[in-house]
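Reading the structure
The primary structure of each chain is shown beneath.
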Amino acid sequence: MRRVVCPGSFDPVTYGHIDIIGRAAKQYDEVVAAVLNNVNKRGLFSVPEKLDMLEEGTAEFDNVRISEFDGLLVDFCRENGIETIVRSLRSVSDFDYELQIAQMNYRLSGVETVFMTANPQYSFLSSSLVREIAQHRGDVSSLVTPYVQGRLREKYAKRDSEGAQG
């Protein structure tokens, strides 16, 4: 079985993430979309919320499994019998950064990294950009699923109401 991992923070999951995961699902027997539980970084959404949004966004793909990890990605790969990491490249600057990580992962464990270029429709898209637009009540309907859009609205409405009370 050819199994790969698509790792990320997915804070929140975007159509760009879903596109890469879906394209990987056409190429491999199983794709594990793995959410990094980074204890050093506080995201907008908790890991369980991210897992929920990923489940919803990838439900159409029968061979996609959702998981979480902390620590080194190569350890997660070793523990799950995964020999390949799939990463998306949006720009040349992404490549410079991702190449260093790919080479280190290979050195540490022999795990290969496969790069997929972002669909031009999503090449500008990032989770941080989506958060910023949503925070200011901008329209993110073409960037995330309706479910994620609703979760963003809820999250920022809650923050707004807590800020008004404080």
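All values derive from a computational prediction rather than experimental measurement. (Residues numbered from 1 in each chain as written. Predicted model: local features only at pLDDT ≥ 70, side-chain atom pairs only at ≥ 80, totals over all residues. Heavy atoms only, no water.)

1. Examining the overall build of the protein
Counted only if it meets this: Secondary structure elements follow DSSP: runs of H or I of four or more residues count as helices, runs of E of two or more count as strands, with numbering from the N terminus. With C-alpha atoms as the basis for the radius of gyration, the globule rule is written as 2.2 Å multiplied by the number of residues raised to the power 0.38. Each residue's exposure class comes from its accessible area (1.4 Å probe, protein chains only) as a fraction of the maximum for that residue type: buried when under 20%, exposed when over 50%, partly exposed otherwise.
Along the protein, the regular secondary structure elements total 6 helices and 5 strands. Along the protein, from the amino end to the carboxyl end, the secondary structure elements read β-α-β-α-β-α-β-α-β-α-α. For 166 residues, the compact-globule formula gives about 15 Å, and the C-alpha radius of gyration of the protein, at 16 Å, lands near that figure. Seen through its principal axes, the protein has C-alpha atoms that stretch 50 × 30 × 30 Å. Counting every position in the protein, which comprises 166 residues, the buried fraction comes to 44%.

2. Notes on the pattern of salt bridges
Using the following cut-off: For this analysis, a salt bridge means a side-chain nitrogen from Lys or Arg found within 4 Å of a carboxyl oxygen belonging to Asp or Glu.
On inspection of all chains with the given rule, the structure shows 10 salt bridges. With its nearest N and O atoms 3.1 Å apart, the salt bridge here joins Glu49 to Lys155. Residue Glu49 is found in helix H2 (residues 47-57), and its partner Lys155 is found in helix H6 (residues 146-165); the two are separated by 106 residues along the sequence. Both residues of the pair, Glu49 and Lys155, count as buried. A single salt-bridge network, built from bridges that share partners, covers Glu49, Asp52, Arg151 and Lys155.

3. Focus on unusual backbone geometry
A cis amide bond, omega 5°, links Asp11 with the succeeding residue Pro12. A positive phi angle, near 50°, is found at Phe10, a position not held by glycine. By secondary structure assignment, the location of Phe10 is in the loop between strand S1 (3-8) and helix H1 (15-27). Of note, the phi angle at Arg137 is positive, near 60°, even though the residue is not glycine. Relative to the elements of secondary structure, Arg137 occurs in the loop between helix H5 (127-135) and H6.

4. Here's the deal with a nonpolar patch on the surface
Which entries qualify depends on this criterion: Without a salt bridge and with relative accessible area above 30%, a residue can belong to a patch; like charges are then joined within 9 Å and nonpolar side chains (Val, Leu, Ile, Met, Phe, Trp, Tyr) within 5 Å. Every accessible area reported is derived by Shrake-Rupley at a probe size of 1.4 Å, with residue values counting cover from the shown protein chains alone.
On the surface, Leu72, Met104 and Leu108 cluster together into a nonpolar patch covering about 290 Å² of accessible area. Following the sequence through the fold, Met104 ends up in helix H4 (residues 92-109).

5. A closer look at the UniProt feature "site: Transition state stabilizer" (unreviewed entry) in the protein
Our working definition: UniProt positions are given in the numbering used here, feature names are shortened, and annotations may be inferred rather than shown by experiment. In what follows, a contact means two residues having at least one pair of non-hydrogen atoms within 4.5 Å.
In this structure's numbering, the residues bearing the UniProt feature "site: Transition state stabilizer" (unreviewed entry) are His17. Mapped onto the secondary structure, His17 falls in helix H1. Contacts of His17, omitting those with residues within four sequence positions, involve Phe10, Pro12 and Ser127.

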